[in-house]
Amino acid sequence: MTFLYAAAIAAYSGCGLYLMLSRHVVRVVLGLALLTNGAIFLIFFSGRIGSMTPAVIPLGDQELALDAANSLPQALALTAIVIGFALTAFAVALLVAAYKRLDTLDAREMTAAEDMGSPFLPPEGRPVEKAASGKADAGQGDQKMTGQNTTGEVKTNG
Amino acid sequence: MADTLDLLWPVLIPIMTAALAACFWHNIRAQRIVSFIGLVMLFAASVKLTMTVVEHGVIAKQFGGWAPPFGISFVADPLAAALVAITGLLALAVGIFGFYDVRARHERAGFYPLFHGMITGVNGAFLTGDAFNLYVWFEVMLVTSLGLLVISRSREQLDGTIKYGVLNLFGTILFLIGLALLYGATGTLNMADLGQILPGMTLTPGLMTAAMLFLAAFAIKAGLFPLFFWLPASYHTATFAVGAIFAGLLTKVGVYATFRTFTLLFLIEGDTLRYVFTFIAAMTMITGVFGAAVQWNIRRILSFHIISQIGYMLMGLAIATPIAWAGASFYIIHHIIVKANLFLLAGAIRAAGGSDDLRKTGGLLKSHPWLAVLFLIPALSLAGLPPLSGFWAKFLVIDASLRAEYYGLAAVALVVGVLTLFSMMKIWMEAFWKASPVKPSRRRYVPVAFIIPIVMLGAVTMTIGLFAEPFVTFAREAGDVLVDPPLYIAPVFGAEAAAEAGALIAGEAIDADAIENGADNGVEEEVQ
């Protein structure tokens, strides 16, 4: 039972981590959700499963039965579920807004923040001769290039 | 009685303000009034808490009348109290700044509820004495800060928020996993209780994993060396008011949590952990300062400097002598004020010069000479020039590292200080000294709402710098509590002993009288 449980947590977290490595941001959020669930299972398990006696004081007794289940991990797991749910909901809403504005869900094409005042791009607005200094430092090839392309588009829009 | 209630107000006031502001969703004017009253009350409450802590030492409160290890406790030691006070001051300053900077559409998008919600999370994280509760406050802080960051819903903000959100969410999940392992190994999550149990336990692989997960989680939050990439990717996209409060507070919550964890729960004893911390501290300082050197956007320069300055705070953790802890505590307090002030100044420079990109602005020394003076105070303080607060902060940590014979670390700290000065001079030369590349079409004015908080924070920086003595004494006290866990544990468990003695009080929340009884019982003499 313990082994099964541990294997399940490992599978959850493994899938979550794998999804998080994706460049597709929806997959990243799904991965985060899975990973949160893995963590919640771990909390639940850290209270030791096994006891089936409910953590309720029987009528007439003064204290809890000695073999009662540990109720604290359940409380912690509940809290974590609520928080995880709220944050996942927020993340999904954020992705919808981002997709509408940025027109992409590929992390490589999300460069708007990086381009804002980037030292490798000429400042927006008017051309400045310092653009050359960016070329000299363009060691990191592709990403910088895509960055430049997208700002080119931004500028024609604005 | 009044003592422990002081602990509640810094959390209760902002959360009530947030709720009240949310009730007036369509009435922006009412929201503004509620928000400002809330900020003033919060500032008063946090100052009162600090004064109580200065007077009585560490104070603690148990919620719901539960005996200490079972319920949630709030504990205020000098460091936490000082951070809460600074949070109150900063929230007030940014609130005033926001009178001009926060636009109507931000207000309609729920700026005030989010802002006060974030302050609640920050204060809760500083004051809580329960590890799981710390996680909850982290999440409160995270979700509200995400909302604040993306408040304009511009392309840049959406992009920055995704990066900020994903990495920070991952950090909190790591924290949660660490908590699960810790609970599985010890059966408790009360920090004072853990502080009693953990030192006696052998470090099993499970506990070691939990410790490292905490380190990784807080390293993401604090922006430590290999895990800081979300910070410069997002902070410069926020509105100026939001950027200032983020820069001042969010990473420092991570630093505080690291300090708390590695002084109370896991003690830094072995050489291995010290090497790890020394390496992280040095690399954080170096990468931050070099990252800043290449940037042209003021807030991107400042964002990288946050990282580099976090490295100085971590020196306290690496050296872990009482004087180093005092230095690190002093450093955090000085840094919050200075960094937030610089972010506010970025807003003022934009208002005065038309852009926060240094390539597109200039000539401000001629057009706004007083702004130049106000800029020099935090800028030179950040670089560590006497007689400003940064000098004493750097002096304390470097002095501590020399005394503990961490010469390499001291050398790195000194060199990074010079490079920080270089960055500040870059802003100075470009924004203030050089002639403006653009002919200004009209005279630009900096709104009064910008000047008031900048003067306020600048005055605090000057005060700390010129009258450093009481602040250093206070930092020493903070350092003493960090070094000596029983000082932190006593108020929590002294109260429990008292509760056992007089079971009648158990129904009531355990109050200061109970703590005094506990002291009388000879449980702990430190608590007056």
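All values reported here derive from a predicted model rather than from experimental measurement.

Procedures and definitions
Residues numbered from 1 in each chain as written. Chains lettered and ligands numbered in written order. Predicted model: local features only at pLDDT ≥ 70, side-chain atom pairs only at ≥ 80, totals over all residues. Heavy atoms only, no water. Helix = DSSP H or I, 4+ residues; strand = E, 2+ residues; numbered from the N terminus. Buried < 20%, exposed > 50% of the residue type's maximum accessible area, 1.4 Å probe, protein only. Areas by Shrake-Rupley, 256 points an atom, 1.4 Å probe, with all protein chains shown as cover. pLDDT = per-residue confidence, 0-100. Contact = heavy atoms within 4.5 Å. Core = buried A, V, L, I, M, F, W, Y, C linked by side-chain atoms within 4.5 Å. Buried area = accessible area lost by both parts, 1.4 Å probe. Salt bridge = Lys/Arg side-chain N within 4 Å of Asp/Glu carboxyl O. Polar contact = N/O pair within 3.5 Å; in protein donor to acceptor, adjacent residues only side chain to side chain. Phe/Tyr/Trp six-rings, centres within 6.5 Å; stacked < 30°, edge-to-face > 60°. Lys NZ or Arg CZ within 6 Å of the ring centre and 35° of its normal. Pairing = 2+ DSSP bridges. Axes fitted to C-alpha atoms, helices over the stretch in contact; angles between N-to-C directions. Parallel < 35°, antiparallel > 145°, perpendicular 65-115°, else oblique. Left-handed = near helix turned anticlockwise from the far one by under 90°. Nonpolar A, V, L, I, M, F, W, Y, C, P; charged D, E, K, R; others polar. Patch = residues over 30% accessible without salt bridge, like charges linked within 9 Å, V, L, I, M, F, W, Y side chains within 5 Å. Expected span 1.5 Å × (residues − 1).

Concerning the overall build of chain A
Stage number 1. If you tally the helices and strands in chain A, you get six helices and zero strands.
Stage number 2. Taken from N to C terminus, the helices and strands of chain A fall in the order α-α-α-α-α-α.
Stage number 3. Each of the 158 residues in chain A was classed as buried or not, and the buried ones make up 34%.
Stage number 4. A total accessible area of about 9900 Å² is found for chain A, and carbon and sulfur atoms account for 64% of it.

Some words on the overall build of chain B
Stage number 1. In terms of helices and strands, chain B carries 23 helices and two strands.
Stage number 2. Among the 528 residues that make up chain B, the fraction classed as buried is 66%.

Structural notes on the confidence of the model for chain B
Residues and elements named next belong to chain B.
Stage number 1. Put simply, chain B has an average pLDDT of 87, and 93% of its residues get 70 or more.
Stage number 2. For chain B, per-element mean pLDDT is lowest for helix α23 (residues 512-520), which scores 42, and highest for helix α6 (residues 111-127), which scores 95.
Stage number 3. Across residues 497-528, confidence stays below pLDDT 50; counting only partners more than four residues off in sequence or on other chains, it has 37 contacts.

Quick notes on the nonpolar core
Stage number 1. F259 and I427 of chain B are the most contacted members of the largest nonpolar core, which totals 222 residues.
Stage number 2. Those residues in contact with I427 of chain B that sit more than four places away from it in its chain are I298, I301, L302, I349, L358, F375 and F432 of chain B.

Notes on the interface of chain B and chain A
Stage number 1. Contact residues are listed per partner, giving 41 residues for chain B and 44 residues for chain A.
Stage number 2. Here chain B meets chain A over a buried area of about 4000 Å², counting both sides, of which 73% is carbon and sulfur.
Stage number 3. When residues of chain B are sorted by the area they lose upon contact with chain A, R155, Y183 and R359 of chain B head the list and together hold 18% of the total.
Stage number 4. At the boundary of chain B with chain A, the tally comes to one salt bridge.
Stage number 5. The partner of E114 of chain A in a salt bridge is R300 of chain B, with the nearest N and O atoms 2.7 Å apart.
Stage number 6. The tally of links from chain B across to chain A stands at 11 residue pairs in polar contact (both at pLDDT 80 or more).
Stage number 7. Secondary-structure elements contributing two or more residues to the side of chain B that touches chain A are α7 (131-149) and α8 (155-186) of chain B.

A word on the packing of aromatic side chains
Residues and elements named next belong to chain B.
Stage number 1. As enumerated under the stated definition, the model contains 34 aromatic pairs over all chains in all.
Stage number 2. Here the aromatic rings of F97 and F450 are separated by 4.1 Å at their centres, their planes lie at 10°, and the arrangement is stacked. Here F97 is found in helix α4 (residues 78-101), whereas its partner F450 is found in helix α20 (residues 448-466), with 353 residues between them in sequence. Comparing F97 with F450 shows no difference in burial state: the two are buried.
Stage number 3. Pairing F259 with W325 gives two aromatic rings, centres 5.0 Å apart and planes at 80°, and the pair type is edge-to-face. Of the two residues, F259 is situated in helix α12 (residues 240-265) and W325 in helix α15 (residues 322-353); the sequence distance between them amounts to 66 residues. Assigned by exposure class, F259 and W325 land together as buried.
Stage number 4. Ring-pair connections join several aromatic residues into one group, and the members of that group are F132, Y135, F138, F175, F214, F218, F262, F266 and F277.
Stage number 5. Between K394 and the ring centre of Y312, over which it is positioned, the NZ or CZ distance is 4.6 Å.
Stage number 6. Over the aromatic face of W296 sits the side chain of K426, whose NZ or CZ is 4.5 Å from the ring centroid.

A few points about the pairing of strand β2 (residues 73-76) of chain B
Residues and elements named next belong to chain B.
Stage number 1. Side chains of β2 alternate between two faces, with S73 and V75 and F74 and A76 buried alike.
Stage number 2. In the sheet, strand β1 (residues 59-62) pairs with β2 via four bridges, with the strands oriented antiparallel. Each residue of the ladder has a partner; that of K61, found in β2, is F74.

Here's the deal with the packing of helix α13 (residues 271-293) of chain B against helix α19 (residues 407-433) of chain B
Residue and element names in this part refer to chain B.
Stage number 1. It is the contact of α13 with α19, at a shortest axis distance of 9 Å, that shows an interaxial angle of 20°. Classified by the angle their axes make, α13 and α19 are roughly parallel. As for how α13 packs across α19, the hand of that crossing is left-handed. Across the interface between the two elements, T278, A281, A282, M285, I286, V289, F290, A292 and A293 from α13 touch L409, V412, A413, V416, L419, T420, F422, S423 and K426 from α19.
Stage number 2. Here the residues of the contact of α13 with α19 sort into 14 nonpolar, three polar and one charged.

Comments concerning the pattern of salt bridges
All names here are of chain B.
Stage number 1. Evaluated as defined, the whole model comprises 11 salt bridges over all chains.
Stage number 2. Its salt-bridge partner being R32, residue E107 comes within 2.8 Å of it at the nearest N-O pair. Remark: R32 occurs in helix α3 (residues 28-56) and E107 occurs in helix α5 (residues 104-108); sequence separation between them is 75 residues.
Stage number 3. Residues R350 and D356 are paired through a salt bridge, measuring 3.7 Å at the closest nitrogen-oxygen approach.
Stage number 4. The exposure class assigned to R350 is partly exposed, which follows from its relative accessible area of 40%.
Stage number 5. Note on D356: relative accessible area 5%, which makes it buried.

What to know about the environment of W9 of chain B
Residue and element names in this part refer to chain B.
Stage number 1. One can find W9 in helix α2 (residues 9-23).
Stage number 2. According to the relative accessible area criterion, W9 is partly exposed, its value standing at 36%.
Stage number 3. Sequence-wise, W9 and M41 are 32 residues apart; in three dimensions their C-alpha atoms are separated by 9.0 Å.
Stage number 4. Contacts of W9, omitting those with residues within four sequence positions, involve P14 and A45.

Points about a nonpolar patch on the surface
All names here are of chain B.
Stage number 1. A surface patch of nonpolar side chains, about 410 Å² in accessible area, is lined by L5, W9, L12, I15 and M16.
Stage number 2. It is α2 that contributes the most residues to the nonpolar patch, four residues altogether.
Stage number 3. Residue placement: L5 occurs in helix α1 (residues 2-5).

Examining helix α18 (residues 389-403) of chain B
All names here are of chain B.
Stage number 1. The first and last C-alpha atoms of α18 sit 21 Å apart over 15 residues, in line with the 21 Å expected at 1.5 Å per residue.
Stage number 2. When we look at burial in α18, the residues that qualify are S389, G390, A393, K394, L396, V397, I398, D399, A400 and S401.
Stage number 3. Phi for E405, located one or two positions after α18, is positive at around 65°.

Quick notes on the environment of R48 of chain A
Stage number 1. Residue placement: R48 of chain A occurs in the loop between α2 (25-46) and α3 (72-102).
Stage number 2. Taking C-alpha positions, R48 of chain A is 8.5 Å from A69 of chain A, a pair spaced 21 residues apart along the chain.

Some remarks on the confidence of the model for chain A
Stage number 1. On average, residues of chain A score 77 in pLDDT, and 78% of them reach the 70 mark or higher.
Stage number 2. Ignoring residues within four places in sequence, the model shows residues 126-158 of chain A, a span with pLDDT below 50, making 20 contacts including any to other chains.

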